[in-house]
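# Understanding the architecture of this molecule
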Amino acid sequence: MARTCPSNDDKALLLEQCHHCATHICCKIEPAFLTPQDLERMGLSPQDQEHVNKSAWNGFEFLHLQKRKNGKCVFYDSESKKCSKWNSRPLDCRLFPLDIDFHDGRFYWICYSYCKASVTEYKLQKLEKTLLPEFTPYLAVYALLPMKMFESGSYRILREVQL
Ligand code: SF4
Ligand code: SF4
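Residues numbered from 1 in each chain as written. Chains lettered and ligands numbered in written order. Predicted model: local features only at pLDDT ≥ 70, side-chain atom pairs only at ≥ 80, totals over all residues.

### Notes on the nonpolar core
- Ala 32, Leu 34, Leu 65 and Cys 73 are the most contacted members of the largest nonpolar core, which has 24 residues in total.
- Those elements that provide at least two residues to this core are β1 (33-34), β3 (60-65), α3 (91-95) and α5 (132-135).
- Considering each element in turn, this core owes the most residues, three residues, to α3.
- The contacts of Cys 73, once residues within four sequence positions are left out, are Cys 27, Pro 31, Ala 32, Leu 65 and Lys 67. (Core = buried A, V, L, I, M, F, W, Y, C linked by C-beta atoms within 7 Å. Buried ≥ 20, exposed ≤ 12 C-beta atoms within 10 Å, placed from the backbone. Helix = DSSP H or I, 4+ residues; strand = E, 2+ residues; numbered from the N terminus. Contact = placed C-beta atoms within 7 Å.)

The structure is reproduced here in structure tokens:
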């Protein structure tokens, strides 16, 4: 599969939204979902059980990053309080605080209130053009996964995803 890394311009745009808050809650919740492109970008293999795990939901198997016993992502560096794979982190992490939910037959952008990173309509449109195509084949599985944050209700629905 072709490598689809974002351009420098898009990387800058995405980096801009995260201000490395003290909570780093994005690295301590659900383990990051992995696409084949994520694996390639991060230099990981599906067999690398130290970093990659496999789960199943509703009959679909999917890969995700491992978590440590303390609940944090395997790539979260507690000393520097930063992601040790920031430049190649999974698309799931790049989207945060955005997520995608599926209901009534449609995909919707949602935004978690835990993260104060700014999200604008311009940003959504840019994501839909640049990063989302990489995610489209996995969207049905990704958007249907149960999330603790969904259950807590601390998110707002932004609008329907334009695929
Ligand atoms: S994405 Fe949000 S929660 Fe994660 S470090 Fe950045 S500002 Fe904090
Ligand atoms: S890959 Fe990096 S940004 Fe993503 S959850 Fe792990 S530590 Fe956080």
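And the narrative resumes.
### A few points about the site of ligand 2
- Taken together, Cys 26, Cys 27, Ala 32, Leu 65, Cys 73, Phe 75, Tyr 76, Cys 83, Lys 85, Arg 89, Pro 90 and Cys 93 form the complete shell of residues around ligand 2.
- Here the shell around ligand 2 is composed, by residue class, of ten nonpolar, no polar and two charged. (Near = placed C-beta within 6 Å. Nonpolar A, V, L, I, M, F, W, Y, C, P; charged D, E, K, R; others polar.)

### Regarding the sheet that holds strand β8 (residues 155-160)
- Across the sheet, which stays open at both edges, the three strands sit in the order β6-β7-β8 with antiparallel pairing between neighbours. Looking at strand neighbours, the two that pair on one side only are β6 (98-103) and β8, the edges of this open sheet. Averaged over all adjacent pairs, the angle separating strand axes in this sheet is 40 degrees, with direction ignored.
- Pairing of strand β7 (residues 106-112) with β8, which is carried by five bridges, proceeds in the antiparallel orientation. When the bridges of β8 are listed, Trp 109 appears paired with Arg 159. (Pairing = 2+ DSSP bridges. Axes fitted to C-alpha atoms, helices over the stretch in contact; angles between N-to-C directions.)

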